[in-house]
Amino acid sequence: MLIKKPTDIRSSEITDKKLYFNSREFIQAATGTAAAAAAGVLGSEALLHAATPAPHGRKLDNVKKSPLSADERTNKWEEITTYNNYYEFGTDKDEPSMLARNFKPEPWTVTVEGECNNKAAWHLEDILKGQTLEERIYRHRCVEAWSMIIPWVGFPLADFIKKCDPTSKAKFVEFTTLYDPKQMPGVRSPVLRWPYVEGLRMDEAMHPLTILTVGLYGEVLPNQDGAPLRLAVPWKYGFKHIKSIVKIKFVEKQPLNTWQLQASNEYGFYANVNPTVDHPRWSQATERRIGEFLRRKTLMFNGYGDQVASLYAGMDLKRNY
Ligand SMILES: Nc1nc2c(c(=O)[nH]1)N[C@H]1C(S)=C(S)[C@@H](COP(=O)(O)O)O[C@H]1N2
Ligand SMILES: [Mo]
């Protein structure tokens, strides 16, 4: 499948795409079966651009509501599953919803390596056995200055880290995404260095707000949102929220995360949401909440300052962006 970078797309094609989306909405309103109608009316080329919400998946049992949830109106399923960043499935926001359709999130194995006493390859079911799942409604703030409110289902990363029994040398945790060119068309182009890697300092990883996420709106995680296992660290920019995790490694030195490697003057290791530290190419003072018209003010630590500011006491957050 051909993936075009925004710069490769001629303006005429962009116009076509806009027209197409308009007609698709019209068809959906008229018939309710957008994909089928689009295939017939607009042809297969049009179907290539049919950003459609994720199909609903298996319901998760015994999900508890968490007191750590944000008291804000959640974004719609349609928004959370059609407006994604997931470069393994294309660089446009609507591409993961189309290109991750056939991704196989099970069976799934997570390998635990490095500075810990329980190095192991875990089946995801075994990680989840006996684990209480919680609904956590989190603010999600992307470094590109958009945001959403997302009702994740997950559990504290700390619960899993304790089972791994890290040694005293474990100062950071490094996470790695699956690399599978057969399933992930995006990795065939060198837009990023694959596989996608992220990291947290040990105290950030152990923080009660940091969760491993397995669900959305009470159902298993849709492929485009990082099925079957992704990270959520709500006071940090979205790129820290690594998707489809296959490896967790305890390390002594600070990991080199993918976006820092890509452009270290623009993206750092910490990536704490901070309205006072602008990206070199745009302001971080405000954000566009997906589904809203007026911009909102961005909050320090994405509004989680009471819980996490102490982790960074005495640190220069302008230097450690
Ligand atoms: N493996 C992987 N994880 C990733 C990304 C990616 O491209 N690849 N994009 C990140 C970015 S920039 C954001 S904003 C969030 C988006 O998560 P969402 O699509 O579920 O909203 O995923 C993050 N995790
Ligand atoms: Mo992002």
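Shown above is the structure to which this text applies.
Residues numbered from 1 in each chain as written. Chains lettered and ligands numbered in written order. Predicted model: local features only at pLDDT ≥ 70, side-chain atom pairs only at ≥ 80, totals over all residues. Heavy atoms only, no water.

## Quick notes on the pairing of strand β3 (residues 120–123)
Regular strands show a simple pattern: their side chains alternate between the two faces of the sheet.
Then comes step 1: Taken together, the 4 bridges between strand β2 (residues 109–114) and β3 define a ladder with antiparallel strand orientation. Across the sheet, valine 110 pairs through a bridge with tryptophan 122, a residue of β3.
Then comes step 2: Between β2 and β3, which pair antiparallel one after the other, the connecting turn spans 5 residues. (Pairing = 2+ DSSP bridges. Helix = DSSP H or I, 4+ residues; strand = E, 2+ residues; numbered from the N terminus.)

## Some details on the sheet that holds β3
Then comes step 1: Across the sheet, which stays open at both edges, the 5 strands sit in the order β3-β2-β11-β6-β7 with mixed pairing between neighbours. The open sheet has two edge strands with one neighbour each: β3 and β7 (197–201). Mean inter-strand twist for the sheet, computed between neighbouring axes without regard to direction, equals 20°. (Axes fitted to C-alpha atoms, helices over the stretch in contact; angles between N-to-C directions.)

## Considering the side chain of asparagine 84
Then comes step 1: Positionally, asparagine 84 belongs in the loop between α4 (77–82) and α5 (95–99).
Then comes step 2: Exposure remark for asparagine 84: the relative accessible area of 3% places this residue in the buried category.
Then comes step 3: Polar contacts involving the side chain of asparagine 84 include one to the main-chain carbonyl oxygen of isoleucine 80, which spans 3.1 Å.
Then comes step 4: Every residue in contact with asparagine 84, bar those within four places of it in the chain, is listed here: Asp92, Lys93, Pro96, Gln224, Asp225 and Lys243. (Buried < 20%, exposed > 50% of the residue type's maximum accessible area, 1.4 Å probe, protein only. Polar contact = N/O pair within 3.5 Å; in protein donor to acceptor, adjacent residues only side chain to side chain. Contact = heavy atoms within 4.5 Å.)

## Considering the site of ligand 1
Then comes step 1: Contacts to ligand 1 come from 18 residues, most closely from Tyr87, Glu88, Asp225, His241 and Lys243.
Then comes step 2: Interatomic distance of 2.8 Å between a side-chain N/O atom of glutamate 88 and a nitrogen atom of ligand 1.
Then comes step 3: One of the side-chain nitrogen or oxygen atoms of threonine 177 is found 3.0 Å away from a nitrogen atom of ligand 1.
Then comes step 4: Surface burial for ligand 1 is 98%, taken as the share of its 540 Å² of free accessible area covered by protein chains. (Near = heavy atom within 4 Å. Areas by Shrake-Rupley, 256 points an atom, 1.4 Å probe, with all protein chains shown as cover.)

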